[in-house]
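# Commentary on secondary and tertiary structure
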Amino acid sequence: MTVYGGDREEYVRDAFRSSVHDQTLRPDQVVLVQDGPVSPELEFCLRGLIAESPVEVTFVQLRHNRGLGPALDAGLQASRFDIVARMDADDVAMPHRFQRQVPLVRDGADLVGAGLLEFGTDIDDVVGRRIPPSDPCDIARYSRLHDPFNHPTVVYRRSAVVAVGGYGDLPLMEDYWLFVRMIANGARVVNIPEPLVYYRVGDGAYERRGGRDLLRSELRLQREMYREGFISRLQYWRNVAIRGGYRLTPTLIRRPVYRMLVAPYGARRNRDRGVPEAPPAQQQAPSAARRSQGAAGRSKSSRYVPRHARDRRDAVAGGGSEG
């Protein structure tokens, strides 16, 4: 969980308690990252949460605000465990969230997402829902055009995240960029088509899905995806036209388009496959056969290697005769 100067202490308090105190399966360690300076009120709030936490809290303080991706990478470095759950500082986790997701990672999944409910003033004020595609094939196909996971809901293997270079620093798109690299690397992925997090939208939520800053990050993401071979040239230009155009549309248009087309895609696809919104756990967990196939399919020769790691490897290989 990362916190920065723009967070409100009452939201942070609710998010922390919902993901620690109220969980039926409590975490063994909380990694709380303070991303740059915060107000005295928020600092007091954080100290209180650490003091009253029923489980160990590792507090990571970054001197300067570095952004979500680098802050999350710093938090991952401080984790003592391989199974890590993400939590936003202004959302509310449902009490059974970890109890539903963690067993799937223990059973072999590398990345487990879930649905979420968007709320306004409080969790009784539900204004929307985002149900992601649950089938791994649908997730992989969907990822060529859209982020297939609700970032505030994910639980993943730290080792699988580190294997592709972590989040990195691609502002506003760091989660999508991480997930496509994990999928390309053969990570075993699944979404639970059941809302497990209340996601705070509030004022300005749809405004933040557009604008020049997000467009710049969008174009950079598409260039990186194309450069890495994750999408084709045709898919690149399709994405630039569709996703870039979406970022530039007025909020009055962006809101209904998102509500009607983007948010319910996963639910539609799941219904087409006959997947109930809250399927039995045994239907969601990767089978032993699929786990062994996944391990075999990720042999050293076929594994995806991030570009920065390839460049470093090639540099070492090129200088080997002189060393």
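To be clear, the structure that these remarks concern was listed above.
Okay, so let's go over this structure.

Calculation criteria
Residues numbered from 1 in each chain as written. Predicted model: local features only at pLDDT ≥ 70, side-chain atom pairs only at ≥ 80, totals over all residues. Heavy atoms only, no water. Helix = DSSP H or I, 4+ residues; strand = E, 2+ residues; numbered from the N terminus. Buried < 20%, exposed > 50% of the residue type's maximum accessible area, 1.4 Å probe, protein only. Contact = heavy atoms within 4.5 Å. Areas by Shrake-Rupley, 256 points an atom, 1.4 Å probe, with all protein chains shown as cover. Pairing = 2+ DSSP bridges. Axes fitted to C-alpha atoms, helices over the stretch in contact; angles between N-to-C directions. Parallel < 35°, antiparallel > 145°, perpendicular 65-115°, else oblique. Left-handed = near helix turned anticlockwise from the far one by under 90°. Nonpolar A, V, L, I, M, F, W, Y, C, P; charged D, E, K, R; others polar. Salt bridge = Lys/Arg side-chain N within 4 Å of Asp/Glu carboxyl O. Phe/Tyr/Trp six-rings, centres within 6.5 Å; stacked < 30°, edge-to-face > 60°. Lys NZ or Arg CZ within 6 Å of the ring centre and 35° of its normal.

## Considering the overall build of the chain
A tally of helices and strands in the chain yields 14 helices and 9 strands. Looking at the chain as a whole, 49% of its 323 residues are labelled buried. Counting contacts in the chain only where the partners sit at least 6 residues apart, residues at least 24 apart contribute 80% of the total. Summing over all exposed atoms, the chain offers an accessible surface of approximately 15,600 Å²; the carbon and sulfur share of this is 53%.

## Quick look at the environment of Ser232
Mapping Ser232 onto the fold places it in the loop between α8 (212–227) and α9 (233–248). The class for Ser232 is partly exposed, based on a relative accessible area of 33%.

## Notes on the sheet that holds strand β1 (residues 2–3)
Pairing is parallel across the open sheet formed by 3 strands, whose spatial order is β1-β2-β3. Since the sheet does not close on itself, it has two edges, and those belong to β1 and β3 (56–62), each with one partner. Sheet topology places β1 next to strand β2 (residues 29–35); 2 bridges connect them, and they run parallel. Paired with Thr2 across the two strands is Val33, which belongs to β2.

## Section: the packing of helix α1 (residues 9–19) against helix α2 (residues 40–52)
Packing of α1 against α2 leaves a shortest axis separation of 9 Å and a crossing angle of 20 degrees. The orientation of α1 relative to α2 falls into the category roughly parallel. By crossing handedness, the relation of α1 to α2 is classed as right-handed. On the side of α1, the interface is formed by Glu9, Val12, Arg13, Phe16 and Arg17, while α2 contributes Glu41, Leu42, Cys45, Leu46, Leu49 and Glu52. In terms of residue class, the contact of α1 with α2 is made up of 6 nonpolar, no polar and 5 charged.

## Regarding the pairing of strand β6 (residues 111–119)
The element β6 is extensively covered by neighbouring structure, given that 9 of its 9 residues are classed as buried. In this structure, β6 lies alongside strand β8 (residues 155–157), joined through 2 bridges in antiparallel fashion. Residue pairing across strands places Val112 opposite Val155, the latter belonging to β8. Pairing analysis gives 4 bridges linking β6 to strand β7 (residues 126–130), with the strands arranged antiparallel. Each bridged residue has a counterpart across the sheet, and for Leu117 the counterpart in β7 is Arg129.

## Focus on the pattern of salt bridges
Tallied over the entire structure, the rule returns 16 salt bridges. Between Asp213 and Arg216 there is a salt bridge; the shortest N-O distance is 2.2 Å. One end of the pair, Asp213, and the other, Arg216, are both in helix α8, 3 residues apart, so they sit about a helical turn from each other. You'll find Asp213 and Arg216 in the same group, each marked exposed. Shared partners join several salt bridges into a network, and the residues in it are Asp82, Asp110, Arg157 and Arg188.

## Examining the environment of Val275
Relative to the helices and strands, Val275 resides in the loop between α11 (265–272) and α12 (281–284). Given the relative accessible area of 24%, Val275 is considered partly exposed. Spatially, the C-alpha atoms of Val275 and Ser134 are 8.1 Å apart, while their sequence positions differ by 141 residues. Residues within four places of Val275 in sequence aside, it is in contact with Ser134, Pro193 and Asn270.

## Quick look at the packing of helix α7 (residues 174–184) against α8
Here α7 crosses α8 at 10 degrees, and the two axes come no closer than 10 Å. With respect to their mutual orientation, α7 and α8 come out roughly parallel. Along its contact with α7, which presents Tyr176, Trp177 and Val180, the element α8 presents Leu221, Glu224 and Met225. Of the residues belonging to the contact of α7 with α8, the class tally is 5 nonpolar, no polar and 1 charged.

## Remarks on the packing of aromatic side chains
Within the structure shown, the criterion is met by 5 aromatic pairs. Ring centres of Tyr226 and Tyr236 lie 5.7 Å apart, and the angle between their planes is 40 degrees; on these two criteria the pair is classed as tilted. Within this pair, whereas Tyr226 is found in helix α8, its partner Tyr236 is found in helix α9, the two being separated by 10 residues in sequence. In this structure Tyr226 comes out as partly exposed when scored by relative accessible area, which is 32%. A network of ring pairs unites the aromatic residues Tyr226, Tyr236 and Trp237 as a single cluster. Taking the ring centre of Phe230 as reference, the NZ or CZ of Arg144 above it sits at 4.1 Å. Cation over ring: Arg200 sits above Tyr11, and NZ or CZ is 3.5 Å from the ring centre.

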